[in-house]
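# A closer look at the structure
Okay, here's what each chain looks like letter by letter:
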Amino acid sequence: MVLTESLKQNFKFEDNQKNFEICFYNQPITFSTDELNWEPRNISTETEEMWLIKLHSFDWLNDENSSNISEKMASYLILDWLSKYGDEHSKPWEPYTLSRRLISWEKWLSSNQISPELPSLIKLSVSQQLKRLFVDFEFYNPGNELIENIRGFLSGCCLLINSSQYFNNELEFQLEQVIDEAINQLNLQIFKDGAHFERSPYYHCKVLEALKDIKKLAEHISKQGFLISDILEKANNLAILCREKLELMSKWLEKLTFSYGEICQFNDSARIRGLSHSFEELTELLEDSGFFVKHNSDYSFILSCGSPSPAFLPSHSHCDIFSYELEIKKQLAIIDSGCSGYDNETLRLMSRET
């Protein structure tokens, strides 16, 4: 903490550089380097929890649409966070937020040339966060969150893998266990028809993006010749499995995407871009995931006809059997309510009703 505070003194900002804005969920907040507040209170109560998770996960470091943060400012913010949240019992150390932060820091460090002191401090913190994450995987919530835990752990390992100071025998042992769990979860969570087992097109997209990263991370690990042969072989097997699942998931997402380019809103979903397709005619029952799709040049019809899935994890499921969405000539005619959010209980329950 003393070192981080000392390094912060090296960052000088002109008056016109001190203020910056971060915006998530249409909620912009202005920050100032004079007094950084990582727990802002002027956020809508309907988005507060998700907003703070996104802030402490540092997703915005790598998202040019979320903020106007310079490399210098980003370095200063990481230092400030390290000086204030070194306690693993603080809320930003919860496993999902922690996992997302490891992913963000690994990507940011990989694409920026910064002074050597900061990466050293980040790696020290990453080693501590990995210890916490390993004993805090979200097996009690074994859906997309668990995939994010795996992605975060592999990201942190790849950040430390060439630092003998942190990548020790204990972490190597843990890495092998996490790779085993990754293979197990991908075989469990991805249906044969390519759908993620929570049956939400929105979370399907999130898992699809996570698998792209996991594949790259597994490929990187498989090339580290100093690791034991079992880890190298398992990492290579994980990369191969990711490629197979990514192909299946992409084909499924194409079928659940309307011709104008956005996904349908069944279960907990928001209207986001899917994968474009050029189906002249497609009629198919996706039996494993429980969707019927029909696409042609005049209209697209998508029907939800499956039960909440998986039965042991209904958290993103809605009472939507036989709900459908209809697009006519690239215009949505009938839509599902999707997910309003997670904090307003009244709207949440309404969106999940029949």
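Above this text you will find the structure in question.
First things first, this report covers the structure right here in the doc. (Residues numbered from 1 in each chain as written. Predicted model: local features only at pLDDT ≥ 70, side-chain atom pairs only at ≥ 80, totals over all residues. Heavy atoms only, no water.)

At a minimum axis distance of 10 Å, the contact between helix H6 (residues 144-160) and helix H7 (residues 169-189) shows a crossing angle of 145°. Regarding H6 and H7, the two cross each other, and that crossing is left-handed. Here Asn144, Leu146, Ile147, Ile150, Phe153, Leu154, Cys157 and Leu160 of H6 come into contact with H7, specifically with Leu171, Gln174, Leu175, Val178, Ile179, Glu181, Ala182, Gln185, Leu186 and Gln189. Residue classes in the contact of H6 with H7 are distributed as 13 nonpolar, four polar and one charged. (Axes fitted to C-alpha atoms, helices over the stretch in contact; angles between N-to-C directions. Helix = DSSP H or I, 4+ residues; strand = E, 2+ residues; numbered from the N terminus. Left-handed = near helix turned anticlockwise from the far one by under 90°. Contact = heavy atoms within 4.5 Å. Nonpolar A, V, L, I, M, F, W, Y, C, P; charged D, E, K, R; others polar.)

Ordered by their spatial adjacency, five strands build an open sheet running S3-S4-S5-S6-S7, and the pairing between neighbours is antiparallel. Two strands close off the open sheet at either side, each with one partner strand: strand S3 (281-286) and strand S7 (331-334). Direction aside, the axes of adjacent strands within the sheet are offset by 10° on average. As paired elements, strand S4 (residues 291-296) and strand S5 (residues 299-304) share five bridges and run antiparallel to each other. In the sheet register, Val293 faces S5, and the bridge partner there is Ile302. Set on the sheet, helix H9 (residues 229-255) makes contact with S3, S4 and S5; between it and S3 the angle comes to about 115°. (Pairing = 2+ DSSP bridges.)

On inspection of all chains with the given rule, the structure shows 21 aromatic pairs. Here the aromatic rings of Phe11 and Tyr76 are separated by 6.0 Å at their centres, their planes lie at 65°, and the arrangement is edge-to-face. With Phe11 in the loop between helix H1 (2-8) and strand S1 (19-24) and Tyr76 in helix H3 (residues 71-84), the pair connects residues that are 65 residues apart, well separated along the chain. Here Phe11 and Tyr76 have matching classes, each one buried. Ring-pair connections join several aromatic residues into one group, and the members of that group are Trp38, Phe58, Trp60, Trp81, Tyr85 and Trp105. The residue whose ring lies beneath Lys72 is Phe13, and the NZ or CZ to ring-centre distance is 4.7 Å. (Phe/Tyr/Trp six-rings, centres within 6.5 Å; stacked < 30°, edge-to-face > 60°. Buried < 20%, exposed > 50% of the residue type's maximum accessible area, 1.4 Å probe, protein only. Lys NZ or Arg CZ within 6 Å of the ring centre and 35° of its normal.)

The pairing of S1 with strand S2 (residues 27-32) spans six bridges and is antiparallel. Considered in S2, the bridge of Phe24 is made with Gln27. Between S1 and the antiparallel strand that follows it, S2, lie two residues; Tyr25 among them carries a positive phi value of about 50°.

Taking 1.5 Å of rise per residue, 17 residues should cover 24 Å, and H6 covers 25 Å from first to last C-alpha, within 8% of that figure. Along H6, 17 of the 17 residues are buried, which leaves the element largely enclosed by surrounding structure. (Expected span 1.5 Å × (residues − 1).)

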